[in-house]
Amino acid sequence: MAPALTTEKPLRDDHDGATAPAAVRISRVHKTFGRPGTAQPVLDDITLDVRPGEFVCLLGASGCGKSTLLNLVAGLDAPTSGTIEVPGGRPALMFQEHALFPWLTAGRNIELALRMRGVPRAGRRAEAERLLDLVRLGGAYGKRVHELSGGMRQRVALARALAQDSKVLLMDEPFAALDAITRDVLHGELTRVWEGTELSVLFVTHNVREAVRLGERVVLLSSRPGRVAREWAVDIPQPRRIEDAAVADLSVEITEELRGEIRRHGRH
Amino acid sequence: MAGTETTTAAAGERGGPDGRGDLASVEAGLDALDAVQVKRVPITHTLLHKVLPPVVAVLLVLAVWKLLVLAEVTDDYKLPDPSAVWRSLRGLWLQGTLGGIVWTSVSRGLLGFLAALALGTPLGLLVARVKVVRSALGPILSGLQSLPSVAWVPAAVIWLGITDAAMYAVILLGAVPSIANGLVSGIDQVPPLYLRAGRTIGATGVRGAWHVLLPAALPGYISGLKQGWAFSWRSLMAAELIASSPDLGLGLGQYLENARTDSDMPGVLLGIALILVVGIAIDLIIFSPLERRVLRNRGLLAGAR
Ligand SMILES: Nc1ncnc2c1ncn2[C@@H]1O[C@H](COP(=O)(O)OP(=O)(O)O)[C@@H](O)[C@H]1O
Ligand SMILES: [Mg+2]
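Residues numbered from 1 in each chain as written. Chains lettered and ligands numbered in written order. Predicted model: local features only at pLDDT ≥ 70, side-chain atom pairs only at ≥ 80, totals over all residues. Heavy atoms only, no water.

Asker: For this particular structure, what's the right way to read the confidence of the model for chain A?
Answerer: Here chain A shows a mean pLDDT of 85. Residues at 70 or above account for 91%. Note on residues 1–17 of chain A: pLDDT under 50 across the span, and 14 contacts to partners over four residues away in sequence or across chains. (pLDDT = per-residue confidence, 0-100. Contact = heavy atoms within 4.5 Å.)

So this is what it looks like as structure tokens:
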């Protein structure tokens, strides 16, 4: 544990990025399932900050502990050691499965999140409609979840996550189950929504191109144990396209690195 | 690292100033293509495929019955003509007692069911959510569910005498375990994803139970209610048959028992038919529509309505 980090007072200092408070501060986090000592740690000494308003993509092979880390940040599980601070309060979380409640309409799903946040009844309907408009699903208020396509469901799930009005949005491979064209459209929507808000995003994926398409920073996790292997700043201006040459070039470089990480495990 | 020249070159190919106009149009196209069409089944289709087959089946049974009577396979007092049963029914109707008999049993059944609901629901919640209670009561509840509730009638009569209270006791002992077990399995089958999603939007504790856990468990709960009604009705008929007394109002079970003591076979068959029809009717009027509605709202009902 690093006392310097936990006692540090967040400073409002916008011209100096180094002292600005982090939106998410993960310091020296270890996570072992089962009895410590017996099992190999899933996460080993992860230290990672997400700055306010930053879009960070967490990249890694399947099973390297990405979901585990995200669950820790979401507060759904506790680290074995180390600290996680999310000064802005409970983060919003989106899963690979839409996780919308099938007994509620699209609009009511969003209203439930508003209600849990304490928004008074009178304002909920209008706010839900506004959020649906934001994800370009203006007419979907009364639609049942099963009447929506996969892409529309994830957009409603995004609107529900935004309804929490959190400072941080955690996304766990939210587009992995979608077809390429739909995913492409949702990348555009997510970028647009993110640019229009102060939201910090921690986006987990195993898809290198997706990470480069979306992130301002791509963090590569190694497997077994999960450690931060390397990170890249992505200097390509938004809006990007997944087929852009610059995106492709950086993806090739990162993929090479990811292959190397995976190859290490075949050697013993 | 990425070069800026390539980026601008790529941006130039996009057509629009920011490439977002065509994103919106692709999205609109996808939404139109992907939107699931929920089709409604026309009423004629429902009549043809849902109503006609059981009607035909009943007519077939009546036809076979009539043939057996015509073939004189057995004595008339054992197998009366279908028309004799019809005459009994008309007789009851003309005396004006038919409604009273049915209502006595139905009101007992529904009242007992409501009491079972009020007891079974909190019991199910406790068993599902409290570990100690589950290990203590869970196996007993499952066991009770397979005990025919007619076995409780002698005990109920000794405790409570031949009274309405004994009837209700037998109904409760039959229906409470089904309702509680239905809720338990409904809660057990809730996908953990919903609970996680609920927790991330802040629905925890009592609010989580009310807004997420219970609605998610509703399909299992309702099938428990359906089964609970079937058990209530069966238990009540057993109780009325065995513990029949002139002091209690005349219900279907007593009517059946009276017909037996009078060796009135048409009356016996009529009693059986009425018990069957009422049991099915309550299910069709109350529980099936409730279940269909819940399942349809969740898209769990394949196509037909
Ligand atoms: N609750 C758990 N209990 C035991 N092991 C777990 C648990 N959750 C995840 N793991 C293990 O931790 C590793 C990382 O899992 P996960 O975080 O889901 O990976 P990723 O999301 O990167 O695919 C896997 O080897 C998985 O088997
Ligand atoms: Mg995962």
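After presenting the structure, the write-up continues.
Asker: Sorry, what's going on with the site of ligand 1 here?
Answerer: All names here are of chain A. Every residue close to ligand 1 is listed here: Phe 33, Val 42, Ala 61, Ser 62, Gly 63, Cys 64, Gly 65, Lys 66, Ser 67 and Thr 68. Here Gly 63 contributes a backbone N or O atom positioned 2.7 Å from an oxygen atom of ligand 1. At 3.0 Å, a backbone N or O of Gly 65 approaches an oxygen atom of ligand 1. For ligand 1, the accessible surface in isolation is 560 Å², of which the surrounding protein chains cover 54%. The residue makeup of the shell around ligand 1, split by class, is four nonpolar, five polar and one charged. (Near = heavy atom within 4 Å. Polar contact = N/O pair within 3.5 Å; in protein donor to acceptor, adjacent residues only side chain to side chain. Areas by Shrake-Rupley, 256 points an atom, 1.4 Å probe, with all protein chains shown as cover. Nonpolar A, V, L, I, M, F, W, Y, C, P; charged D, E, K, R; others polar.)

Asker: Mind showing me how you'd approach the domain arrangement of chain A here?
Answerer: Accessible area lost when the parts come together is the quantity often used to give the size of an interface. Residue and element names in this part refer to chain A. Domains assigned within chain A are domain 1 (52–79 + 166–268) and domain 2 (102–165). A straight line from the C-alpha centre of domain 1 to that of domain 2 covers 25 Å. Taken together, the contact between domain 1 and domain 2 spans 13 residues of the former and 12 residues of the latter. Around 1000 Å² of area is buried between domain 1 and domain 2 when both sides are counted, 67% of it from carbon and sulfur atoms. Applying the counting rule to domain 1 against domain 2 returns one salt bridge. Of the charged contacts in the structure, one is a salt bridge between Arg 136 and Glu 189, with a shortest N-O distance of 2.9 Å. At the junction of domain 1 and domain 2, the tally comes to four residue pairs in polar contact (both at pLDDT 80 or more). Contributions of two or more residues to the side of domain 1 that touches domain 2 are made by β6 (168–172) and α6 (180–195). (Domains from an automatic or database assignment. Buried area = accessible area lost by both parts, 1.4 Å probe. Salt bridge = Lys/Arg side-chain N within 4 Å of Asp/Glu carboxyl O. Helix = DSSP H or I, 4+ residues; strand = E, 2+ residues; numbered from the N terminus.)

Asker: What am I meant to see in the confidence of the model for chain B here?
Answerer: Caution is warranted with low-pLDDT regions, since their predicted coordinates should not be read in detail. Residue and element names in this part refer to chain B. Summing up the model confidence of chain B, the mean pLDDT is 85 and the portion of residues at 70 or higher is 90%. For the stretch residues 1–17, pLDDT sits under 50, and the model shows 21 contacts to residues farther than four places along the chain or on other chains. Confidence metrics for the complex model read pTM 0.78 and ipTM 0.81.

Asker: Quick question: what am I supposed to make of the interface of chain B and chain A here?
Answerer: Contacts between the two partners involve 40 residues from chain B and, on the opposite side, 50 residues from chain A. In this assembly, chain B packs against chain A so that about 4000 Å² is buried in total across both faces, 62% of it on carbon and sulfur atoms. Connecting chain B to chain A are three salt bridges. Between Arg 155 of chain A and Glu 27 of chain B there is a salt bridge, with the nearest N and O atoms lying 3.0 Å from each other. Seen at the junction of chain B and chain A, the total is eight residue pairs in polar contact (both at pLDDT 80 or more). Elements represented by at least two residues in the side of chain B that touches chain A include exactly α1 (4–12), α2 (21–34), α9 (192–200), α10 (205–242) and α12 (265–297) of chain B. The residue inventory of the side of chain B that touches chain A, partitioned by class, reads 18 nonpolar, 10 polar and 12 charged.

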